[in-house]
Amino acid sequence: MLDADAGLADYGKLLVYSAMAVYVLAFLAYIAEWAFGSRSRVARTAAALTPTTAGKGDAEGGGRAAAGAVPAVTVRKGGATSVLERPDTGRRAGGDGPTVVTRSGSVGRDNVPDGPGAAAGDERGDLYGRIAVSLTVLAFVLHLGGVVLRAVAVQRAPWANMYEFSTTFSMVAVGAFLAFMLAGRNVGWLGLPLVTTVLLDLGLAVTVLYTESDQLPPALQSVWMWIHVSLAIVCGAMFYLGAVATVAFLFRDRYESKLLAGGTPGRVTTSVLERLPSSVSLDRFAYRINAVVFPLWTFTIIAGAIWAENAWGRYWGWDPKEVWSFITWLGYAAYLHARSTAGWRGRKAAYLAIFAFLCFLFNYYGVNMFVDSLHSYAGVD
């Protein structure tokens, strides 16, 4: 194999630095989009979850509610729907507390609309949003150029060490986000957390994790590197998007629960969470990503076992990297199983998904940097 071209590698690193600079501008534009968007009226969720009056007055709507009529809130729990009837002004005869009427049905939070997005329909917010996405596209192009130049410089796949894996990982995550945007998916809310974490990832990559361009050790000189590691990058990037959606779901679900309980969230909380998709939409988005990626992660582990047999003469040796890959697999398997079990849907299943992604992160950072294993060549030089 040819020697690594240090000059091309330096140009590749320069493109990564340039991408980081543009990502910073995109970050500021996303901040501006959220800031100006907060000036718009955003009360769709609150309106959908506001208690409705069971009785009406005269045709003009100026009369009082019919005698005995009380506001009702529909709450879905498990497979049943409960209608909580609250007393109107004064106490109802024959009872001191709310009357609970339970019936089966599908009415629940499925009818809560998605928020209007970060810009919330504000003209200036929309402008900053378009600028933010445009800057993200430009940064992605520079980012991609840096990864490609690194590959040309080393004459191999650009993911043989932590620096290369990290830069490629964040590039794939941004590419997936832009692909969802191009497909017309409601993922604009992902822009700010995505760009923030990409900047953190690249900052760590070019400082702590940077490794000079070099050729592969013998154990890595295999076609399985292209298959196994590339799949691990794609799976990790998609798991990351699913994890962000899951965290957003937890916040949004708590917000909607507070509204259902008659609470009044703070002004800042309302401004931010009203613009996110509904908890149902966020939960569905995260689940679909994890469900689609899980078979790929399964094949990633199988491909790694085949590669291990070619390199070391055994398919499985309980190496720390192998063990934590399997623990990550178990975490996502438990999450998917929980989604099919009524008692573990919603927040409980979301906690499992977050736990599984934290296992993935530890498998990458913790095992590579702090644990001795056969995969130590992927650590920091």
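Residues numbered from 1 in each chain as written. Predicted model: local features only at pLDDT ≥ 70, side-chain atom pairs only at ≥ 80, totals over all residues. Heavy atoms only, no water.

**Some thoughts on the environment of P158**
With respect to the secondary-structure elements, P158 resides in the loop between α3 (123–154) and α4 (162–182). Classification of P158 as buried rests on a relative accessible area of 7%. Apart from the residues lying within four places of it in its own chain, the contact partners of P158 are V147, R150, A151, E164, F165 and T168. (Helix = DSSP H or I, 4+ residues; strand = E, 2+ residues; numbered from the N terminus. Buried < 20%, exposed > 50% of the residue type's maximum accessible area, 1.4 Å probe, protein only. Contact = heavy atoms within 4.5 Å.)

**What about α4?**
Taking 1.5 Å as the rise per residue, α4 with 21 residues should run 30 Å; its terminal C-alpha atoms sit 30 Å apart, in good agreement. Of all 21 residues making up α4, 17 are buried, and the element is well covered by its neighbours. Of the residues flanking the end of α4, it is G184, one or two places downstream, whose phi is positive at about 85 degrees. (Expected span 1.5 Å × (residues − 1).)

**Examining helix α5 (residues 191–207)**
For α5, which comprises 17 residues, the first-to-last C-alpha distance of 24 Å matches the rise-based estimate of 24 Å (1.5 Å per residue) to within 8%. Considered for burial, the residues of α5 that qualify are G191, L192, L194, V195, V198, L199, D201, L202, A205 and V206.

**Quick look at the layout of surface pockets**
By volume, the second largest pocket is sized at about 420 Å³. Counting residues per element, the lining of the second largest pocket draws most heavily on helix α8 (residues 279–312), which supplies nine residues. Within the lining of the second largest pocket, the residues separate by chemical class into twelve nonpolar, two polar and four charged. (1 Å grid on protein atoms, 1.4 Å probe; cavity = no way out; pocket = protein on both sides within 12 Å on 5 of 7 lines; lining within 4 Å. Points joined across faces, edges and corners; volume = space filled by probe spheres on them. Nonpolar A, V, L, I, M, F, W, Y, C, P; charged D, E, K, R; others polar.)

**Description of empty space enclosed by the protein**
Taking a probe equal in size to a water molecule and rolling it over the atoms shows the remaining empty space. Here the structure, examined in full by the defined rule, presents three cavities of 30 Å³ or more. Size it by volume and the second largest cavity reaches roughly 70 Å³. Along the walls of the second largest cavity sit 13 residues, with G146, V147, R150, Y163 and T167 positioned nearest its centre. Of all the elements in the fold, those that place two or more residues in the lining of the second largest cavity are α1 (6–37), α3 and α4.

**Things to note about the packing of aromatic side chains**
As enumerated under the stated definition, the model contains 19 aromatic pairs in all. Between W297 and F360, the ring centres sit 5.6 Å apart and the planes meet at 65 degrees, which makes this aromatic pair edge-to-face. Of the two residues, W297 sits in helix α8 while F360 sits in helix α10 (residues 347–370), which places them 63 residues apart along the sequence. Of the residues examined, F360 reaches a relative accessible area of 6% and is grouped as buried. Seen in terms of ring centroids, W316 and F326 are 6.3 Å apart; in terms of plane orientation they differ by 80 degrees. Their pairing is edge-to-face. (Phe/Tyr/Trp six-rings, centres within 6.5 Å; stacked < 30°, edge-to-face > 60°.)

Scope: geometric values only; no functional claims are made or implied.
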